[in-house]
Protein chains: 2
Amino acid sequence: MKDYLINDEWKIIEEGFHPEYNRISESIFSLGNGRQGGRGNFEEHYSGDSLQGNYIAGIYYPDKTLVGWWKNGYPEYFAKVLNAANWIGIDITINGERLDLAKMKISSFRRELNMKEGTLCRQFTASFKNGKTIEVSVIRFLSIVRPEIGAVRYCVKPLNFDAEIVATPYLDFDVVNEDSNYDEKFWEGDYIENLGNEGYVSAYTKKTGFLICSGMKFNTLNGNEEQVLCIKNDCQEKFIGSSFKIGLKQAQELTIYKYAVNASSEYFRKPELVDKAKKLLNKAFEAGFDKLLKEHRLAWNRKWKTSDIVIEGDVAAQQGIRFAIFQLNQTYTGDDERLNIGPKGFTGEKYGGSTYWDTEAFCLPFYLSTSGPLVARNLLMYRYKHLPKAIENACKLGFNTGAALYPMVTMNGEECHNEWEITFEEVHRNGAIAYAIYEYINYTGDKDYLAPFGIEVLLGISRFWSQRVNWSEQKQAYVMLGVTGPNEYENNVHNNWHTNNIAVWTLKYTLESIQWMKELHPSEWLAVTEKTRFNDEAETNMWRHIIGKMYFPWDEERKIILQQDGFLDKELEPASAINPAERPISQHWSWDRILRSPYIKQADVLQSLYLFEDQYDKTFISRHFDFYEPLTVHESSLSSCIHTILAASVGKPEKAYSLYLRTARLDLNDYNNDTCEGLHITSMGGTWMSVVKGFGGIRVLGNALHLNPILPANWKSYCFRVNFRGNHLQVKVMPRTIEITNHSDGDLSLFVYAKSVTLLKNKTSVIHYSNI
Amino acid sequence: MKDYLINDEWKIIEEGFHPEYNRISESIFSLGNGRQGGRGNFEEHYSGDSLQGNYIAGIYYPDKTLVGWWKNGYPEYFAKVLNAANWIGIDITINGERLDLAKMKISSFRRELNMKEGTLCRQFTASFKNGKTIEVSVIRFLSIVRPEIGAVRYCVKPLNFDAEIVATPYLDFDVVNEDSNYDEKFWEGDYIENLGNEGYVSAYTKKTGFLICSGMKFNTLNGNEEQVLCIKNDCQEKFIGSSFKIGLKQAQELTIYKYAVNASSEYFRKPELVDKAKKLLNKAFEAGFDKLLKEHRLAWNRKWKTSDIVIEGDVAAQQGIRFAIFQLNQTYTGDDERLNIGPKGFTGEKYGGSTYWDTEAFCLPFYLSTSGPLVARNLLMYRYKHLPKAIENACKLGFNTGAALYPMVTMNGEECHNEWEITFEEVHRNGAIAYAIYEYINYTGDKDYLAPFGIEVLLGISRFWSQRVNWSEQKQAYVMLGVTGPNEYENNVHNNWHTNNIAVWTLKYTLESIQWMKELHPSEWLAVTEKTRFNDEAETNMWRHIIGKMYFPWDEERKIILQQDGFLDKELEPASAINPAERPISQHWSWDRILRSPYIKQADVLQSLYLFEDQYDKTFISRHFDFYEPLTVHESSLSSCIHTILAASVGKPEKAYSLYLRTARLDLNDYNNDTCEGLHITSMGGTWMSVVKGFGGIRVLGNALHLNPILPANWKSYCFRVNFRGNHLQVKVMPRTIEITNHSDGDLSLFVYAKSVTLLKNKTSVIHYSNI
């Protein structure tokens, strides 16, 4: 746990430089705009510890799978997230000495992420060994209006001397990845041009052949005057730099405006890419820094209007939830159905690949509620477009007739995870993808998504389940052998309850959807059956048989669902009995010991109870919470949120709040000792859910919105915004009072604590309750 | 399946060159002497497909473990078997053209492994494109009398022209390993010297720092005259070559005698190594080729006297069993307790590391019976010496108080396997190591091995078992969770019957052994308890409790032991129902499908029934054989032998014979399509067991030898030799007759078909039976 950042409602602030935490800070101070992003690296040279990272959406390298012994069905590659061109770089030499904070005496330092405006600022005062002191002030942003454009304003001022400054804005595509096996490089230079204050480098990714053209253009103010510069150009392989020399009197300031473009062959034809990049960059250059920044701020303002959560009375919590919302919005904007939400977003290399079941299970609700149906729909279309590859993937594993198994990790629909106990076995993910279709339709009412998209995905997944189970003569039931549930501290188990449950649920939901298609979209249904060669009678009969005869492990004595067969053979000591020095167990125990232990990495049975909460009464859920939560070590960043939501829902507010604290500032306080590698972006979706679904108790049941808020004891109030079927609501929960503002042109009826309430259009309704 | 070799009783013969099978032939024609060995590569240059391999016992490189995701407890390295100096090389150029069988027209070719004498011969006649034809004849051996010495006699004769020959005997330490990650090399040059017809290269292994000095010395006969040569020396990094030119008239023969030494720092002090190598080589050179060959032949003759098996009426079977015996004797001679039997011996790189549980389970009986107790005892001492590392290994996984877990794969006692489902979980191997102590004592009667060696190993292993089980409240019994049994087509199962069984057996045997120590070696026992800090009462009480309360999965309806919990949930289709095009399933099915299937890679429940056969009646064993054998795909080379032995013992002779055929010529016919990578050395121990324990029905029960022979239908007779407690017996089984010759100075009583028979010293007893 680290606590070196200053609590603030809208900003993340590092006051005083903490080089020992620099990698953590670089992760936390990351910027992104959905198309590109990068870590909070310094513009000027820094010889201290740093992880340099700039990432461009959808760009990856397929690295050869490394395993001890090959097992049939392993994917051929693991997708590496690639560090792309360093576009922020400005090298500064002052009177012959290079500016490098690792080697200077720093008298003041402040790094500040302004989440409201999407900017990263830095000011510092530092002295060279000879006592010459300078002041530097930088502001940087990645435009969310112009997805290819980033800009830096870099000011440097000699405080106690006259300076001769050599500044070298540069663009470096000759970058390394930390995640490489033999320090190999992944970019192949394509084109290079340096025109003085403007230059371009384009490079291909090896194997995948993505082409990126990065460009920079800059101008300077000396004091308030634009400078005519004498520029010395440097062109190396995949690198351009443009040096100029300038004399500054004491206290005179040099300002460099650097504009950059990163254009991708995902959006422009390769032969035109350089030209397009030039046009985009010059347009931005002409607009100028202030105009770019202004439009960027306004766009962030609009985002916050639909997604902000305000917490009164707890600045740390306020900062934490805004950080989560800010990062989710930086990572995914939903305007490109080929993109998704990587576990580390644009903040680090780890976990290669972009898409896990995290997206459907932990991120979809956020985008559904705050960005409206089109953004969420693109997350669904992403999977729809990958359906042929999911079918191919299942086929490689020995399934047939259109069974689809979505990959555990993917960039383009192909599996790129390579541990069999996860790759082959963690099949519950397939259920999460089916469930996302249900959740989208349930939330938006857009049932037409089923025809023709959703239904094809449901058919593929249902076919997979029906082939993945087998009939047990012994049990006279269908069983599902050899799976890994969400709790990855168990591998290759039989009859993981959650997996069996979501499989049966998928079959039922697919049957309902087929019925609906037949009734309302008969011709589309016909087309789907032909396309998928669906044998209606035989397949649906089989599914009904499985629904009726699925085996679910259960302990009659305790009236408890069992996580999997044989779970009760374990020594069921609570996690609190583990020596604290041995936590997290993943870092202290052998895998052998973890597998045999009863300890649960993240919600497993409880994941199902969360998803299908409406099928169980609160006593039932509460009993299971009391049985499983004490065994849960929450060593996945995706664990606490589900537990928070369930605890809140079954009337355990203190427990809900204490669990929420594990997720709320996970990265800001580096609880898991791994923020240095990047942020836990997908878990931030869980943080948001903890507040809105957990404390807010938001549910959609029978086409109506339900609210069951609770108020954590140390919060004065909280206020969140949701978009529900075109109605934009703002819900403020205070002691004994709920204020709901309907920012819409129509009235809306919803349920608060199960009682119907009608919200008039453009009005705030204030409702009083004794039990909040 | 390949069938290009000629059947012969004593030889392996390739008639006509089969370049497409060259790697297979190179494996099959391997030579070894227990200290070094190498593949049947050609002496002269060969540009066709080949796996060059020369290996020196105990020399390895610890390669960094490659895994997708690191799991705590993984070993740091995987031991690579290293290709060492090519000492056989003789490059030949004739009238300016290089001799290279890949580029010549071959009119005759014969490669021949003489198993009786331990020599590899090759003759060929081949023509250059210009029609010039030569005849070459080579004989090579690795002395089993002088473990560092090898020799080649290489004769070349121009048949239809006068030739100018340039011959270059060389020594090349600049070799590659196929098993390398980045084509890196593993030898670091140390010393190099080239004196003309004599030269030396010594090199260190990277990381491990083993030092090997290889040397060569040669002379030549032109016709019958020794030549004085004008030698041109070539010294490169880790390479020496000595070229000489010689003129030959048509039909005149040049003979090169090349002697080589490979001396290892495992046997000589590093500073003296080069000197020692020189002395050894010069002694061999002085002795000369014929004398070296003669002593070598005589030594092989002695080996065959105690280990031969003669089969009449089936040349293919005769060749197969002799090949097995020959390779086992080439691989391990038992004179160094630091050595062991690698799965590929000296015939290939695969499976890195040398020692698996194969040694105890499949090889020990061969050496016990054919080489006498000292050789077998060294196999036990190997494990005794590794006990501290086995304790360390268990400690790394979270066990304590002296619990020992022997590694799955090792060179020096450290684990060097890196798949968790095998490394951590295949713990039954620990039982095999305990059982080997029992088997050794049972066979030899040398119970004193327990004090002080055996008992310490037993204590360590028993402590492991007692910590590895846990109490199941649910079952009110001890369970063993998360293991992999011998059937590696199941991973992370609970209560693998064999593992639970051998654990309980170990505890019982350890308790018995402790009792015996207390009675007969009280002071040694005291020393052991002090050394191991053994808490006699607490620990043995715990063991007794586990023995009494261990859980064993069982199907009451079928009266069948279950391989593991939940086995009956599988679809129990026999292996015969699998589409033959999909066999072996390991090459055709995904790992996911294999794990869920009921198919068994190698004996698992049946492994226990084989080991503890005397505890079960034949009906019981037969019922289990009928249940499990049809589910067994025998995709381990170690599978068929156990099934053969059980089938023979429960009166299924045809089944026994058909299973035997899978093991008998596994490599000679390349049944598994992998002989190109090296021979299945440890499985050859199983082949031998199939004959002696299977058909011969040899058992030792209550200190007496028992024989229950059957005769396969198409064999006229078979005759094997065993050494039992100083008595050397030769048992010949013929239809209705058994002839047993007691080649000893004392009488011996044994049981044939459960009836006592006394064999008079130095006499042959002939016994008639109606049922053979």
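As a reminder, the structure under discussion sits directly above these lines.
Below is a short write-up of the structure. Once a new chain begins, its residue numbering starts again from 1 and follows that chain's sequence as written. Key to labels: chains lettered from A, ligands numbered from 1, both in the order written. The model is predicted, so local features are restricted to residues of pLDDT at least 70 and side-chain atom pairs to those at 80 or more, both for listing and for counting; the totals for chains, interfaces and linings are taken over all residues. Note that the side-chain values use all heavy atoms of the structure and ignore hydrogens as well as water.

### Some thoughts on the nonpolar core
Stated precisely, the cut-off is as follows: Only buried Ala, Val, Leu, Ile, Met, Phe, Trp, Tyr and Cys residues count toward a nonpolar core, and they belong to the same one when joined by side-chain atoms within 4.5 Å. Buried, partly exposed and exposed residues are distinguished by accessible area as a fraction of the type maximum, computed with a 1.4 Å probe on protein chains only: under 20%, between the cut-offs, and over 50%, respectively. In this description, contact between two residues means that some pair of their heavy atoms is separated by no more than 4.5 Å.
Ranked by size, the top nonpolar core spans 469 residues in total, and within it A:L750, A:V752, B:Y154, B:I165 and B:L750 carry the most contacts. If we skip the residues at most four places from it in the chain, B:I165 touches B:I92, B:T93, B:I94, B:V156, B:F244, B:K245, B:I246, B:L248 and B:L254.

### Side note on the interface of chain A and chain B
Formally: As a working definition, buried area equals the accessible area (1.4 Å probe) given up by two parts on being put together, with both sides summed. The rule for a salt bridge is simple: a side-chain nitrogen of Lys or Arg has to be within 4 Å of a carboxyl oxygen of Asp or Glu.
Tallying the contact residues gives 52 residues for chain A and 53 residues for chain B. Taken over both partners, the interface formed by chain A and chain B buries close to 4,300 Å², and the fraction arising from carbon and sulfur atoms is 51%. The largest per-residue losses of area from chain A upon contact with chain B belong to A:W69, A:D569 and A:R596, which jointly make up 19% of the total buried on that side. On the surface where chain A and chain B come into contact, there are eight salt bridges.

### Some thoughts on the relation of the copies chain A and chain B
How we decide: A least-squares superposition brings the copies together, and it is based on the C-alpha atoms of residues with pLDDT no lower than 70 in both.
The transform that puts chain A on chain B rotates by 180 degrees and translates by 0.1 Å along the axis, for an RMSD of 0.1 Å. The two molecules are tied by a two-fold rotation axis, judged by turn and shift. Looking at the rotation axis and the C-alpha trace of chain A, the residue lying nearest is A:V67, at 2.4 Å. A shared binding surface is used by both copies, with 100% of the interface residues of chain A retained as interface residues in chain B.

### Some remarks on the sheet that holds strand 8 (residues 90-94) of chain A
Residues and elements named next belong to chain A. Basically, it comes down to this: Pairs of strands are assigned from DSSP output, requiring at least two bridges between the strands. Under the scheme used here, helices are H or I runs from DSSP no shorter than 4 residues and strands are E runs no shorter than 2 residues, and both carry numbers assigned from the N terminus.
With respect to topology, five strands assemble into an open sheet ordered 9-8-14-20-19, the strand pairing being antiparallel. The open sheet has two free edges, formed respectively by strand 9 (97-98) and strand 19 (231-236), since each of these has just one partner strand. Two strands pair when backbone bridges link them, and strand 8 and strand 9 are joined in this way by two bridges, in the antiparallel orientation. Paired with I94 across the bridge in strand 9 is E97.

### Some remarks on the side chain of B:S637
Here B:S637 shows up in the loop between helix 17 (618-628) and helix 18 (640-649). Setting aside residues up to four positions removed in sequence, B:S637 forms contacts with B:L666, B:H680 and B:S683.

### Digging into the pairing of strand 33 (residues 755-759) of chain B
All names here are of chain B. Bridging between strand 32 (residues 748-752) and strand 33 involves five bridges; their strand directions are antiparallel. Pairing of V752 across the sheet is with K755, part of strand 33. Connecting the antiparallel pair strand 32 and strand 33 is a turn made up of two residues, with Y753 showing a positive phi of about 45 degrees.

### Focus: helix 2 (residues 273-287) of chain A
All names here are of chain A. The criterion, for reference: The span one expects for a helix is its residue count, reduced by one, times 1.5 Å. Taken from the helix axis, the directions to the C-beta atoms give the arc we talk about.
A rise of 1.5 Å per residue sets the reference length of helix 2, with its 15 residues, at 21 Å; its end C-alpha atoms lie 21 Å apart and thus fit the reference within 8%. Turning to helix 2, its buried residues number three or more, namely L273, V274, A277, K278, L281, N282, A284 and F285. Mapping the buried residues of helix 2 onto a view down its axis gives an arc of 160 degrees, with all of them on the same face. Exposed and facing more than 90 degrees away from the buried side of helix 2 are K279, K283 and E286. Turning to helix 2, the residues buried within the fold contact strand 13 (149-158), strand 15 (187-194), strand 16 (198-205), strand 17 (211-222), strand 21 (254-264) and helix 3 (289-307).

### Some details on the packing of aromatic side chains
The condition that has to hold: In this analysis, rings of Phe, Tyr and Trp, with Trp reduced to its six-membered ring, are considered paired at centre separations within 6.5 Å, and the interplanar angle assigns stacked below 30 degrees, edge-to-face beyond 60, and tilted for intermediate values. Placement of a positive charge over a ring is assigned whenever Lys NZ or Arg CZ falls within 6 Å of the ring centre and within 35 degrees of the normal to the ring plane.
Summed over all chains, the structure comprises 117 aromatic pairs over all chains. Both rings, one in B:Y435 and one in B:W505, keep their centres 5.3 Å apart while their planes meet at 50 degrees; by these two values the pair is tilted. Taken together, the residues B:Y435 in helix 9 (residues 428-444) and B:W505 in helix 11 (residues 497-520) connect sequence positions 70 residues apart. Of the two residues examined, B:Y435 and B:W505, each falls in the buried class. Summarising the aromatic geometry, the rings of B:Y440 and B:Y449 are spaced 5.7 Å apart at their centres and angled 70 degrees between planes, so their arrangement reads as edge-to-face. Both residues of the pair, B:Y440 and B:Y449, belong to the buried class. Ring-pair connections join several aromatic residues into one group, and the members of that group are A:Y657, A:Y660, A:F695, A:W715, A:Y718 and A:F720. We note A:R35 situated over the ring of A:Y267; from NZ or CZ to the ring centre the distance is 3.6 Å. For B:R322, the ring lying beneath its charged end belongs to B:W10, and the centroid distance is 3.5 Å.

### Let's talk about the packing of helix 5 (residues 358-371) of chain B against helix 9 of chain B
Residues and elements named next belong to chain B. Convention followed: Structural elements are reduced to axes, namely lines fitted to C-alpha atoms, with helices fitted over the stretch in contact, and the angle between N-to-C directions of any two is expressed from 0 to 180 degrees. Throughout this description, any angle smaller than 35 degrees is read as roughly parallel, any larger than 145 degrees as roughly antiparallel, any in the 65 to 115 degree range as roughly perpendicular, and the remainder as oblique. Two helices crossing with the near one rotated counterclockwise from the far one by less than a right angle form a left-handed crossing, whereas a clockwise rotation gives a right-handed crossing. All residues other than Ala, Val, Leu, Ile, Met, Phe, Trp, Tyr, Cys, Pro, Asp, Glu, Lys and Arg, Gly among them, are scored as polar; the first ten of these are nonpolar and the last four charged.
Closest axis-to-axis distance for the helix 5/helix 9 pair is 10 Å, and the angle between their directions is 20 degrees. Taken together, the axes of helix 5 and helix 9 lie roughly parallel to each other. For the element pair helix 5 and helix 9, the recorded crossing hand is right-handed. Packed against helix 5, whose contacting residues are E360, L364, P365, L368 and S369, the element helix 9 presents A432, I433, A436, E439, Y440, Y443 and T444 at the interface. By residue class, the composition of the contact of helix 5 with helix 9 is eight nonpolar, two polar and two charged.

### Notes on the environment of B:E635
Residues and elements named next belong to chain B. When you line up the elements, E635 lands in the loop between helix 17 and helix 18. Distance from E635 to E439, taken between C-alpha atoms, is 26 Å for residues 196 residues apart in sequence. With residues up to four places along the chain from it excluded, the contact list for E635 reads Y489, R583, P584, I585, S586 and K601.

### Looking at the pairing of strand 30 (residues 727-734) of chain B
Residues and elements named next belong to chain B. Across the eight residues of strand 30, seven count as buried, placing the element largely inside the fold. Inspection of the sheet shows strand 29 (residues 717-724) paired to strand 30 by seven bridges, in the antiparallel sense. Bridge pairing links F724 to N727 in strand 30. Connecting strand 29 to the antiparallel partner strand 30 that follows it, the hairpin turn spans two residues, and R725 within it adopts a positive phi of roughly 50 degrees.

### A few points about unusual backbone geometry
All names here are of chain B. Put simply, A451 and P452 share a cis peptide bond, and its omega is 5 degrees. Of note, P452 is situated in the loop between helix 9 and helix 10 (453-468). Along the chain, R583 connects to P584 via a cis peptide bond; the corresponding omega equals -10 degrees. In this fold, P584 is placed in the loop between strand 26 (560-561) and helix 14 (585-588). Its identity is not glycine, yet Q476 carries a phi of approximately 50 degrees, on the positive side. Checked against the element boundaries, Q476 lands in the loop between strand 23 (470-472) and strand 24 (477-479).

### A few points about the sheet that holds strand 32 (residues 748-752) of chain A
Residues and elements named next belong to chain A. Read from one edge to the other, the open sheet built from four strands follows the order 27-28-32-33, with strand pairing classed as mixed. One side of each edge strand has no neighbouring strand; the edge strands of this open sheet are strand 27 (699-701) and strand 33 (755-759). This sheet shows a mean twist of 40 degrees between the axes of neighbouring strands, independent of strand direction. When strand 27 meets strand 28 (residues 704-707), the two strands line up antiparallel, connected through three bridges. Counted as the bridge partner of V700 is L705 from strand 28.

### A few points about the side chain of A:N501
All names here are of chain A. Mapped onto the fold, N501 is located in helix 11 (residues 497-520). A relative accessible area of 9% places N501 in the buried class. Beyond its immediate chain neighbours, meaning those up to four positions away, N501 contacts F552, S608, F612 and Y616.

### A short note on the pattern of salt bridges
As enumerated under the stated definition, the model contains 102 salt bridges over all chains in all. When the shortest N-O distance is used, the salt bridge between A:E266 and A:R338 registers 3.7 Å. A residue pair is termed long-range when its members are at least 10 positions apart, and A:E266 in the loop between strand 21 and helix 2 and A:R338 in the loop between helix 4 (315-331) and helix 5 (358-371) qualify at 72 residues. Since its relative accessible area comes to 26%, A:E266 is described here as partly exposed. Of the charged contacts, one joins B:R468 and A:D592 as a salt bridge, the two residues approaching to 3.1 Å between their closest N and O atoms. Residue B:R468 is found in helix 10, and its partner A:D592 is found in helix 15 (residues 591-596); the two belong to separate chains. As far as the burial class goes, B:R468 and A:D592 line up, both buried. Taken together, the shared-partner salt bridges in this structure form one network comprising A:K11, A:E15, A:R110 and A:E112.

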